[in-house]
Amino acid sequence: MLADPAPLTLADRWRQRDLAVLWHPCTQMREHPDTLPLVPIARGEGPWLIDHDGRRYLDAVSSWWTNLFGHAEPRIGAAIAHQATQLEQVMLAGFSHEPAVALAERLLAIAPRQPGRDPLAKVFYADNGSAGVEVALKMAFHYFRNRGEMHRTRFVALENGYHGETLGALSVGDIPLYRRVYAPLLTEALFAPSPDAYLAEPGQSAAQRAHEAADRLADLFDRHPGEICAVILEPRLQCAGGMRMHDPVYLQRARALCDANGAFLIADEIATGFGRTGTLFACEQAGVMPDLLCLSKGLTGGFLPLAAVLTTQALYDAFLDDSRERAFLHSHSYTGNPLACAAALATLDIFATDDVIARNRSTAEVMRRLAAPFADHPHMADVRQAGMVVAFELARNGDRHTPFPAEARIGLRAYTAALKRGVVLRPLGNVLYWMPPYCVEDEHLDLLAQTTLAAIEDATACA
Ligand code: PMP
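Residues numbered from 1 in each chain as written. Predicted model: local features only at pLDDT ≥ 70, side-chain atom pairs only at ≥ 80, totals over all residues. Heavy atoms only, no water.

*Asks:* Before we go on, may I ask you to explain the overall build of the protein chain in this structure?
*Replies:* Across its full length, the protein chain holds 14 helices and 16 strands. Relative to the 2.2 N^0.38 estimate, which gives 23 Å for 463 residues, the radius of gyration of the protein chain is 23 Å and therefore close to what a compact globule would have. Across the 463 residues that make up the protein chain, the buried fraction comes to 54%. Across the protein chain, every contact between residues at least 6 apart in sequence was considered, and the portion connecting residues at least 24 apart equals 70%. A total of about 20,700 Å² of accessible surface is found on the protein chain, and carbon and sulfur atoms cover 55% of it. Of the side chains in the protein chain, 42 bear a positive and 54 a negative charge, and the two mean positions are spaced by 2 Å. (Helix = DSSP H or I, 4+ residues; strand = E, 2+ residues; numbered from the N terminus. Rg over C-alpha atoms; globule rule 2.2 N^0.38 Å. Buried < 20%, exposed > 50% of the residue type's maximum accessible area, 1.4 Å probe, protein only. Contact = heavy atoms within 4.5 Å. Areas by Shrake-Rupley, 256 points an atom, 1.4 Å probe, with all protein chains shown as cover. Lys, Arg positive; Asp, Glu negative; His and termini not counted. Charge placed at Lys NZ, Arg CZ, Asp CG, Glu CD.)

*Asks:* Quick question: what am I supposed to make of the sheet that holds strand β3 (residues 56-59) here?
*Replies:* Note: strands within a sheet are paired through backbone hydrogen bonds, in either parallel or antiparallel orientation. Taken in spatial order, the four strands make up an open sheet running β1-β2-β3-β15, and their pairing is mixed. Among the strands making up the open sheet, the edge pair consists of β1 (41-45) and β15 (423-424). One ladder, built from four bridges, connects β1 with strand β2 (residues 48-51); its direction is antiparallel. Its bridge partner lying in β2, Gly44 is registered against Leu49. (Pairing = 2+ DSSP bridges.)

*Asks:* Got a minute to help me understand the domain arrangement of the protein chain in this structure?
*Replies:* Many authors give the size of an interface as the accessible area that is lost as the parts come together. Taken domain by domain, the protein chain consists of domain 1 (10-72 + 356-460) and domain 2 (80-354). For domain 1 and domain 2, the distance between their C-alpha centres works out to 27 Å. The interface of domain 1 with domain 2 comprises 29 residues on the first partner and 27 residues on the second. Carbon and sulfur atoms supply 64% of the area buried between domain 1 and domain 2, which totals about 2,500 Å² over both sides. Connecting domain 1 to domain 2 are one salt bridge. Note that Arg244 and Glu393 form a salt bridge whose closest N and O atoms lie 2.9 Å from each other. (Domains from an automatic or database assignment. Buried area = accessible area lost by both parts, 1.4 Å probe. Salt bridge = Lys/Arg side-chain N within 4 Å of Asp/Glu carboxyl O.)

*Asks:* Could you clarify how one ought to interpret the packing of aromatic side chains in this entry?
*Replies:* Aromatic rings considered in pairs are described by the distance between their centres and by the relative angle of their planes. Throughout the structure, instances matching the rule amount to 14 aromatic pairs. For the pair Phe69 and Phe351, a centre-to-centre distance of 5.4 Å together with 70 degrees between the ring planes defines the contact as edge-to-face. Of this pair, Phe69 sits in the loop between α2 (62-65) and α3 (74-86) while Phe351 sits in helix α11 (residues 338-354), placing them 282 residues apart in sequence. Phe351 carries the same exposure label as Phe69, and that label is buried. Grouped by ring-pair contacts, the aromatic residues Phe69, Phe274, Phe281, Phe351 and Tyr438 constitute a single cluster. Here the guanidinium or amino end of Lys122 rests over the ring plane of Tyr316, the centre of that ring lying 4.5 Å away. Over the face of the ring belonging to Phe144 we find Arg152, whose NZ or CZ atom lies 5.0 Å from the ring centre. (Phe/Tyr/Trp six-rings, centres within 6.5 Å; stacked < 30°, edge-to-face > 60°. Lys NZ or Arg CZ within 6 Å of the ring centre and 35° of its normal.)

*Asks:* Which parts of the structure should I look at to understand helix α1 (residues 10-21)?
*Replies:* In an α-helix there are 3.6 residues to a turn, and that puts residues three or four apart on one side. Here α1 is twelve residues long and its end C-alpha atoms lie 17 Å apart, about the 16 Å a rise of 1.5 Å per residue gives. N-capping of α1 is provided by Thr9, with a side-chain oxygen placed 3.0 Å from the backbone N of Asp12. (Expected span 1.5 Å × (residues − 1). Polar contact = N/O pair within 3.5 Å; in protein donor to acceptor, adjacent residues only side chain to side chain.)

*Asks:* Help me out: how do you make sense of the sheet that holds strand β12 (residues 307-311) in this one?
*Replies:* Taken in spatial order, the seven strands line up as β4-β12-β11-β10-β7-β5-β6 in an open sheet, and their pairing is mixed. Unpaired on one side and paired on the other, β4 (122-126) and β6 (190-192) mark the two borders of the sheet. Direction aside, neighbouring strands of the sheet carry axes that sit 20 degrees apart on average. Strand direction decides the pairing type here: strand β5 (residues 154-158) and β6, joined by three bridges, are parallel. Directly across from Leu158, in β6, lies its bridge partner Ala192. (Axes fitted to C-alpha atoms, helices over the stretch in contact; angles between N-to-C directions.)

Below you can see the structure in the form of structure tokens.
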């Protein structure tokens, strides 16, 4: 006689319902649920995600880099709840509301500045990071049209950069996995070498590597005189490109080259903004102010989708005219949604009241201490850190010239190994990283370090 099958757990039943109807992002759905676990989450609490069976998972990647202060942070939740009783949504064309205005005022007050430059002066909202990037690209392009510089049609982006998944954002992205299939649909950007310190030659410092990459950027400007509207980059840290880090001097050089060639500098701080790299904005580490600053993800503390593009008075002024076509007509229905703006205002309040950047400095020190011994692992090619982000780059025998092949599925193996132990690591290929919510305590980081080591052992055991 056959034994009765094991009863389905709540989580099992949830998975069945999910897979019957949902198509998940960034997922080969065929891998669910056998190769790739599917974890239904019932609630969040601080750095923890908790499933329907009560299992807890430490969210070491801040839910795709969105969460800042922990899940279900009560002050942000309360601000959204209050706003929902006042005004949930109104179109921002022809109408205005307190949260949108207050947030713009406060973002402009904290945005990066640079001596000798007029500060960022205007805010345009969108509703996710990719949409924010589209806004910045279109604004830069349209500015030159309005000025009659019709030949300025090209964007420069960095190799290994990432700016989102919509077609415009993909056009300035350089991660083949996301880009290749859609290549026939994309506009042709110019790609400059990444200043990535990991790519430095033996004996070359990160700053030397950055200068060398900046020299190549200068060559690109020379080869395309008067054609480039903007350079777009992720300052300090190429996140989706494997948490690759570069010396801030690159930003200074890029700023100077944009100025010398009459092009805009677009800083995509969608992932690096709001304290991730140790300062509120990564641009601060170079003392550089971009012409367009893209913000999203942590902007609402990780509660609601919202993006903001900050720009200068000079750029804005070029759109003022009697013609509607010269106006920036880009519009999303939910532009400046009051609930999302309220969440963002509560987020900025927390930065002010909790002295978040200072606390992060000591958390980052603990992360540094815990990460240091990993450098001795036989398969470790690099351990690097920028503030609240630590990355571990694995390569066979630690030799960066022999990365594990994609077929070894190091990332997937490390992911499942960590998940089994109650930690969400979501490696980027051969790169494992920590980007935890800022509320993590030492005990969480100890668990994270132990689990990371176990995940590396599992993933590399027979690779
Ligand atoms: N730019 C950067 C630097 C990002 O990391 C991301 C998201 N990972 C985006 C843009 C796109 O943001 P979203 O996923 O909200 O569209």
